[in-house]
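# Geometric and topological summary
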Amino acid sequence: MRAITQNRFGGPDVLETVEVPRPTPGPGEVLVRVTATSVNPADWKLRSGEVTRLGEPPFTLGFDVSGTVVEAVGDVTELRPGDQVFGMFLTRFGAYAEYVAVPANLLAIRPGRLDDADAAALPTAALTAWQALADLRAGQRILIHAAAGGVGHLAVQIAKARGAYVIGTARTVNHVFLRSLGADELIDYTVVDFAEAVHEVDVVLDLIGGDYGQRSLRTLRADGRYIDAQGSDAEGDPRYVRFYVTPSGTDAHELGNLAAQGKLRVDIARVMPLADVAEAHKLSESGRVRGKIVLTPWIAGV
Ligand SMILES: NC(=O)c1ccc[n+]([C@@H]2O[C@H](COP(=O)([O-])OP(=O)(O)OC[C@H]3O[C@@H](n4cnc5c(N)ncnc54)[C@H](OP(=O)(O)O)[C@@H]3O)[C@@H](O)[C@H]2O)c1
């Protein structure tokens, strides 16, 4: 099968297409034929070596998958060949490939009304927003940084559905879009200092990090919570919570149903062939993508 791999850390040019054997599913795993995957910022941070969680190359990126089960190992009873599935998984042999072996408990059946691209765009971004906002309550005021991004635009909708008052940071060009998703107030951070303009929030979801940490603390109530998904200078404050997403088939199932019912809308900026993954990484690294970039694998025989 074909897969994208890299033999060293570096820029998008280290990504190359190679022929490798199909993975063999282990206990509790299924083999999935990938029909779509998507780009997350973690991909280019791992590619470059900024994050070393996968260890040394070679490895294959791609933590989101939508596809078809082609083989289920003996002890897997919940999924069968032919099932359409999607989910998030963390591995050195990711979904920038024609086939992946994935723990069955991290996958959910893709609802019929959820299309393939949406199913590939959702998992990591939606699980992040869903889990980070698990304790958000009706009536609370939340500030979401990078509201227009993959995680942010889903967080806006989830926060709104929970009955929160939603304030987001985004450039003006994205304000109409974010209002259509339910945002109540938007700050163009290139024009206005959010730390001056926003007050008395109960929760900050920070998807930017760095000096957004201390600046966000100034907007937060004394008993508020600052949720850091990125790494910021607010660590040590009693209101600080470091957040990491957890892959979960159960959560994917719930989020897939919400999307299929039209209650959660994933915005897809581009659908690109996996062969153009280097260009997709450049776009994602620009920090300007609204929503998600979806990648589709090679068409059989091409
Ligand atoms: N800890 C975890 O478990 C976890 C999980 C998932 C993601 N993350 C991290 O969360 C971050 C966001 O992920 P993502 O997938 O949403 O990224 P993304 O889709 O690449 O975010 C792009 C968005 O960021 C916005 N943006 C860029 N600079 C900004 C700034 N200074 N202030 C406000 N908005 C800004 C842009 O909107 P404008 O064009 O409007 O500026 C753009 O739409 C990444 O660093 C990622 O690694 C962490």
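As the structure is a computational prediction, the values presented were derived from the model and not from experiment.

Cut-off values and rules
Residues numbered from 1 in each chain as written. Predicted model: local features only at pLDDT ≥ 70, side-chain atom pairs only at ≥ 80, totals over all residues. Heavy atoms only, no water. Helix = DSSP H or I, 4+ residues; strand = E, 2+ residues; numbered from the N terminus. Rg over C-alpha atoms; globule rule 2.2 N^0.38 Å. Buried < 20%, exposed > 50% of the residue type's maximum accessible area, 1.4 Å probe, protein only. Lys, Arg positive; Asp, Glu negative; His and termini not counted. Charge placed at Lys NZ, Arg CZ, Asp CG, Glu CD. Domains from an automatic or database assignment. Buried area = accessible area lost by both parts, 1.4 Å probe. Salt bridge = Lys/Arg side-chain N within 4 Å of Asp/Glu carboxyl O. Polar contact = N/O pair within 3.5 Å; in protein donor to acceptor, adjacent residues only side chain to side chain. Nonpolar A, V, L, I, M, F, W, Y, C, P; charged D, E, K, R; others polar. Arc of directions from axis to C-beta. Contact = heavy atoms within 4.5 Å. Core = buried A, V, L, I, M, F, W, Y, C linked by side-chain atoms within 4.5 Å.

### Some words on the overall build of the protein chain
When helices and strands are tallied, the protein chain shows nine helices and 15 strands. Taking 302 residues into account, the globule formula puts the C-alpha radius of gyration at 19 Å, and the protein chain, at 19 Å, falls close to it. Reported as C-alpha extents along the three principal axes, the dimensions of the protein chain are approximately 55 × 40 × 35 Å. Evaluated residue by residue, the protein chain yields a buried proportion of 56% over its 302 residues. Computed over 30 positive and 37 negative side-chain charges, the separation of the two mean positions in the protein chain equals 4 Å.

### Observations concerning the domain arrangement of the protein chain
You can read the domains of the protein chain as domain 1 (2–122 + 266–296) and domain 2 (126–242). For domain 1 versus domain 2, the separation of C-alpha centres amounts to 28 Å. Carbon and sulfur atoms supply 54% of the area buried between domain 1 and domain 2, which totals about 880 Å² over both sides. Contact with domain 2 buries area across many residues of domain 1, yet L122, R288 and R290 alone supply 52% of it, more than any other trio. The tally of links between domain 1 and domain 2 comes to zero salt bridges. At the junction of domain 1 and domain 2, the tally comes to six residue pairs in polar contact (both at pLDDT 80 or more). Considering only residue class, the side of domain 1 that touches domain 2 consists of four nonpolar, one polar and five charged.

### Examining helix α9 (residues 277–285)
Three or more residues of α9 are buried, namely V277, A280, H281 and S284. The buried residues of α9 occupy an angular sector of 100° when the element is viewed end-on, so they sit on one face. Buried residues in α9 make contact with β1 (2–5), α1 (41–48), β14 (268–273) and β15 (292–296). Positive phi shows up at G287, right after α9, with a value of about 70°.

### Focus: the nonpolar core
One finds I142, I144, L178 and L205 to be the most contacted residues of the largest nonpolar core, which totals 48 residues. Looking at which domains feed residues into this core, each of domain 1 (2–122 + 266–296) and domain 2 (126–242) supplies at least three. Sequence-distant contacts of I142, defined by excluding residues within four places in its chain, comprise L133, L136, A159, A164, Y165, V166, I167, V203 and L205. Counting residues in each nonpolar core, the second largest holds 16 residues, with F59, Y96, M272 and A280 among its members.

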